[in-house]
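# Fold and contact review
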Amino acid sequence: MHCGRLHHSKRTSDFHQCLGHTQRPSIWENPLEFNPDRFLDIKWDYSGKNFNKFPFGSGRRICVGIVMAESMVMHSLATFLHSFDWKLPKGEKLDLSKKFGIVLKKKLLPLVAIPTPRLSDPSLYK
Ligand code: HEM
């Protein structure tokens, strides 16, 4: 099998470098800049055929939970943001630096954010 210019035998296991695609300046403007707004006007194709970004993988083993993930992530995030004010622990600064592994990890400390209820009716949190 061929992947780009690489030849893989039947027994080769391949960990595809998805991250490489998301950091290519030929595709993304200032790819290393944290700018979620860049995704606002894009209609995503999660079929795994668009190699500019394919968070759910591609091919026969593509994620089977795409539809659920799409609605669940949006719904959970919206609920968290709507229901709580979020702040960092006292004296802590936001550190989003990362280290490389098979997946990206936060560098030193895990992110800790403190939620404070922001809705006027406490019964909504029961
Ligand atoms: C944001 C959420 C999610 C992301 C980013 C994600 C991403 C992925 C990726 C990258 C793969 C590997 C695809 C490949 O090998 O090409 C995968 C596989 C898989 N995902 Fe997800 N996933 C998410 C949510 C879910 C949910 C909600 C479910 C189930 C309810 C799910 C079920 C699965 C299963 C069963 C596989 C294995 C498919 C197979 O090997 O045939 N995923 N996912």
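Residues numbered from 1 in each chain as written. Predicted model: local features only at pLDDT ≥ 70, side-chain atom pairs only at ≥ 80, totals over all residues. Heavy atoms only, no water.

## Some remarks on the overall build of the protein chain
The test is simple: Labels follow the DSSP assignment, with helices taken as runs of H or I lasting at least four residues and strands as runs of E lasting at least two, numbered in each case from the N terminus. In this scheme, a residue with accessible area under 20% of its type's maximum is buried, one over 50% is exposed, and one in between is partly exposed, where area comes from a 1.4 Å probe on protein chains only. Two residues form a contact once any of their heavy atoms are found within 4.5 Å.
Helix and strand counts for the protein chain stand at two helices and six strands. For the protein chain, buried positions account for 9% of its 126 residues. Long-range contacts, defined as pairs at least 24 residues apart, comprise 42% of the intrachain contacts of the protein chain with a sequence gap of at least 6.

## Some points on the site of the ligand
Applicable threshold: The cutoff for a nearby residue is simple: one of its non-hydrogen atoms must lie within 4 Å of the molecule or strand. Distance and chemistry together define a polar contact, namely a pair of N or O atoms within 3.5 Å, with one atom able to donate a hydrogen and the other to accept it when in protein, and with adjacent residues in sequence counting only for side-chain atoms on both sides. Side-chain classes are defined by residue name, with Ala, Val, Leu, Ile, Met, Phe, Trp, Tyr, Cys and Pro counting as nonpolar, Asp, Glu, Lys and Arg as charged, and the others, Gly among them, as polar.
Taken together, Pro55, Phe56, Gly57, Ser58, Arg61, Ile62, Cys63, Val64, Gly65, Met68, Ala69 and Val73 make up the full set of residues near the ligand. Note that an oxygen atom of the ligand is positioned 2.9 Å from one of the side-chain N or O atoms of arginine 61. Of the residues belonging to the shell around the ligand, the class tally is eight nonpolar, three polar and one charged.

## As for the coordination of the iron atom of the ligand
Note the threshold: A donor here means an N, O or S atom no more than 2.8 Å from the metal, or no more than 3.2 Å when the metal is Na, K or Ca. Since water is not included, a site may seem to lack partners.
Donation to the iron atom of the ligand from the protein comes from one atom only, Cys63 (SG), at 2.2 Å. Looking at where cysteine 63 falls in the secondary structure, it is placed in the loop between helix H1 (18-22) and helix H2 (66-83).

## Examining the pattern of salt bridges
Which entries qualify depends on this criterion: The working definition used for a salt bridge is a side-chain nitrogen of Lys or Arg within 4 Å of a carboxyl oxygen of Asp or Glu.
This structure, assessed with the given rule, holds one salt bridge. For aspartate 85, the salt bridge identified is with arginine 118, shortest N-O distance 3.9 Å. One end of the pair, aspartate 85, is in strand E3 (residues 84-87); the other, arginine 118, is in the segment after strand E6 (114-117), with 33 residues separating them in the sequence. Among the residues examined, arginine 118 registers a relative accessible area of 40% and is labelled partly exposed.

## Considering unusual backbone geometry
Here asparagine 30, not a glycine, exhibits a phi torsion of approximately 40 degrees, which is positive. In this fold, asparagine 30 is placed in the loop between H1 and H2.

## Some points on the packing of aromatic side chains
Two numbers describe a pair of aromatic rings. These are the distance of the centres and the angle of the planes. We count it as follows: Aromatic pairing here means that ring centres of Phe, Tyr or Trp (its six-membered ring) are within 6.5 Å. Orientation follows from the plane angle: under 30 degrees is stacked, over 60 is edge-to-face, and everything else is tilted.
The final tally for this structure, using the stated rule, is five aromatic pairs. Relative to tyrosine 125, the ring of phenylalanine 84 has its centre 5.4 Å away and its plane inclined at 55 degrees; by these criteria the two rings are tilted. Note that phenylalanine 84 is positioned in strand E3 and tyrosine 125 in the segment after E6, a separation of 41 residues in sequence. On the basis of relative accessible area, tyrosine 125 is assigned to the partly exposed category, the value being 29%. An aromatic cluster is defined as three or more aromatic residues linked by ring pairs; in this entry it consists of Phe80, Phe84, Trp86 and Tyr125.

## Some points on the UniProt feature "binding site: heme" (unreviewed entry) in the protein chain
Filter applied, for reference: UniProt positions are given in the numbering used here, feature names are shortened, and annotations may be inferred rather than shown by experiment.
On the UniProt side, "binding site: heme" (unreviewed entry) is annotated at positions that read Cys63 here. On the basis of relative accessible area, cysteine 63 is assigned to the partly exposed category, the value being 33%.

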